[in-house]
Amino acid sequence: YDFSQEAVCVFEYRGINDIYRCTNGNFSFFFKIYARKDIDKGAIEAEIEIVNHLRESGLSVAYPIARKNRQYLLPINMQEGIRFGVLFLEAEGTPCNSDLIDKQEIVEISRLLSDMHTSLDAIPKSLNRWKLDSWLFLDHSIEILEDYSKSNSHLELPFLKEVVKLLKEQIQDQARFWNWGLCHGDIYAGNIHRRSDGNLTIYDFDFCGYGWRAYDVSPFLGNFGAGTGEDVVEHRKRRLEYFLHGYKHAGGLSDAEIEAVFKVFVPFRRIFNMGYLYDALYYVWGNRLRNELIVSDTRRLHDWMDYYW
């Protein structure tokens, strides 16, 4: 990379990938070394193409930085084999706080997501990204949880299987009414930063792929971790109301998609977290934290299904 001799690179944190912070004078970057086994070179190249397309469309994104040879991927020969690194410009500003955002900010975020989906629809070809569908989120995740239950007998596997069954039935019956296309895949307030000039920047396209757009907005609208208390539910309804003022892609969310956001896609994402995501992070968290999260998620999922079903 075209850095000066004074550039500094330090290990920042380990999550789905290994992240290093690089500073060079007044500029700050994040170097991401991909760790997930199911993400190959082609999928990383597709992620870069998606982010660059959004940038060229005028959206504010944390975009990749090319190497001196004009390539984005840096192959690194490690003990476990070749892994790829990509340098990204830092997403400037501070994360939007899900608990503090007001009507104006919700409308601004909804416009950003609407513009993003419209821009993604303009990509003419099919890219090498996974499908955010019922196989990955439900079938594959419940397989992981079944295996996990062999050493964690307290896991409420029958309940989780029943949730999967209900969700798959709903998807089979209703999916034809839901808009499908390229998605960010992990939209929540923390992945959107407000810059000093007031504009919003979106970043972290690790989970981008083809899926239902109602799913794509569900983490932001659902706020699963807040629960289903009376005040929380009212706050969730107001967030939806404000969101619909700004989200105009494909005519906005239909009534069928609005229902699916809360009835289908919030638990849909939670099963994915409990299965696929927590398994992918096992080498970071270990069994203790993974178990605590699954227990708390299961408890909240009981409440969610009781309320929204």
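Residues numbered from 1 in each chain as written. Predicted model: local features only at pLDDT ≥ 70, side-chain atom pairs only at ≥ 80, totals over all residues. Heavy atoms only, no water.

### Details of the packing of aromatic side chains
Scanning the model with the defined rule gives 27 aromatic pairs in all. Aromatic pair Trp180 and Trp212: ring centres 5.0 Å apart, planes at 80 degrees, arrangement edge-to-face. Here Trp212 lies in strand β12 (residues 209-212) and Trp180 lies in strand β9 (residues 180-183), a separation of 32 residues in the sequence. By relative accessible area, which is 8% here, Trp212 ends up buried. The lysine or arginine in question, Arg239, covers the ring of Phe220, its NZ or CZ lying 4.6 Å from the ring centre. (Phe/Tyr/Trp six-rings, centres within 6.5 Å; stacked < 30°, edge-to-face > 60°. Helix = DSSP H or I, 4+ residues; strand = E, 2+ residues; numbered from the N terminus. Buried < 20%, exposed > 50% of the residue type's maximum accessible area, 1.4 Å probe, protein only. Lys NZ or Arg CZ within 6 Å of the ring centre and 35° of its normal.)

### A short note on the pairing of strand β3 (residues 27-33)
The buried fraction of β3 is high, at six of seven residues. Where strand β2 (residues 18-24) lies against β3, seven bridges are found, and the strand directions are antiparallel. Within β3, the position partnered with Thr23 by the bridge is Ser28. Judged from the five bridges that link them, β3 and strand β6 (residues 81-89) form a sheet pairing that is antiparallel. When the bridges of β6 are listed, Ile33 appears paired with Gly85. (Pairing = 2+ DSSP bridges.)

### Regarding the side chain of Ser60
Looking at the secondary structure, you find Ser60 in the loop between α1 (41-56) and β4 (64-65). Relative accessible area serves as the criterion here: at 19%, Ser60 is assigned to the buried category. Side-chain polar atoms of Ser60 contact the side chain of Arg195, separated by 2.7 Å. The contacts of Ser60, once residues within four sequence positions are left out, are Arg195, Leu200, Thr201 and Ile202. (Polar contact = N/O pair within 3.5 Å; in protein donor to acceptor, adjacent residues only side chain to side chain. Contact = heavy atoms within 4.5 Å.)

### Thoughts on the sheet that holds strand β8 (residues 131-132)
Overall, mixed pairing links the three strands, which are arranged β8-β12-β9 in an open sheet. Here the strands that pair on one side only, and so sit at the sheet edges, are β8 and β9. Examined bridge by bridge, β8 and β12 share two bridges and lie parallel to one another. In the strand pairing of β12, Lys131 is matched with Tyr210. Along the sheet, helix α5 (residues 213-222) contacts β8, β9 and β12; its crossing angle with β12, the most-contacted strand, is approximately 85 degrees. (Axes fitted to C-alpha atoms, helices over the stretch in contact; angles between N-to-C directions.)

### Concerning the environment of Asn17
Position of Asn17 among the secondary structure elements: in the loop between β1 (8-14) and β2. Accessibility expressed as a relative area gives 3% for Asn17, which makes it buried. Apart from residues lying up to four places away in sequence, Asn17 is in contact with Lys32, Ile33, Tyr34, Ala35, Arg36 and Asp206. Among the polar contacts listed, one links the side chain of Asn17 to the backbone nitrogen of Ala35, at a separation of 2.9 Å.

### Details of the packing of helix α2 (residues 103-121) against α5
It is at 12 Å that the axes of α2 and α5 come closest, and there the two elements cross at 155 degrees. Taken together, α2 and α5 sit at an angle that is classed as roughly antiparallel. For the pair α2 and α5, the crossing hand works out as right-handed. Contacts between α2 and α5 involve Ile106, Ile109, Leu113, Met116, His117, Leu120 and Asp121 from the former and Arg213, Asp216, Val217 and Phe220 from the latter. Its residues placed into classes, the contact of α2 with α5 shows seven nonpolar, one polar and three charged. (Parallel < 35°, antiparallel > 145°, perpendicular 65-115°, else oblique. Left-handed = near helix turned anticlockwise from the far one by under 90°. Nonpolar A, V, L, I, M, F, W, Y, C, P; charged D, E, K, R; others polar.)

### Structural notes on the sheet that holds strand β7 (residues 94-95)
Spatially, β7-β10-β11 is the arrangement adopted by the three strands of the open sheet, whose pairing is antiparallel. Where the open sheet ends on each side, the last strands, each with one partner, are β7 and β11 (200-202). Relative to β11, strand β10 (residues 192-194) runs antiparallel, the two being bridged by three bridges. Bridging across to β11, His193 finds its partner in Thr201.

### A look at the packing of helix α3 (residues 134-149) against helix α4 (residues 157-174)
Direction vectors running N to C along α3 and α4 enclose 170 degrees, while the axes themselves pass 11 Å from each other. By the angle between their axes, α3 is roughly antiparallel relative to α4. Contact residues: Ser134, Leu138, Asp139, Ile142, Leu145, Glu146 and Ser149 in α3; Leu157, Leu160, Lys161, Val164, Leu167, Lys168 and Ile171 in α4. Tallied by class, residues from the contact of α3 with α4 come to eight nonpolar, two polar and four charged.

### Notes on the pattern of salt bridges
Using the criterion set out here, one finds 22 salt bridges in the structure. For the salt bridge of Glu80 with Arg83, the shortest nitrogen-to-oxygen distance reads 2.9 Å. Classification of Glu80 by relative accessible area gives exposed; the value is 55%. Across the pair Glu108 and Arg194 runs a salt bridge whose closest N-O atoms are separated by 2.6 Å. Here the residue Glu108 occupies a position in helix α2, and Arg194 occupies one in strand β10, the gap between them amounting to 86 residues. A relative accessible area of 23% means that Arg194 is categorised as partly exposed. It is possible to trace a salt-bridge network through shared partners that takes in Arg14, Asp18, Glu80 and Arg83. (Salt bridge = Lys/Arg side-chain N within 4 Å of Asp/Glu carboxyl O.)

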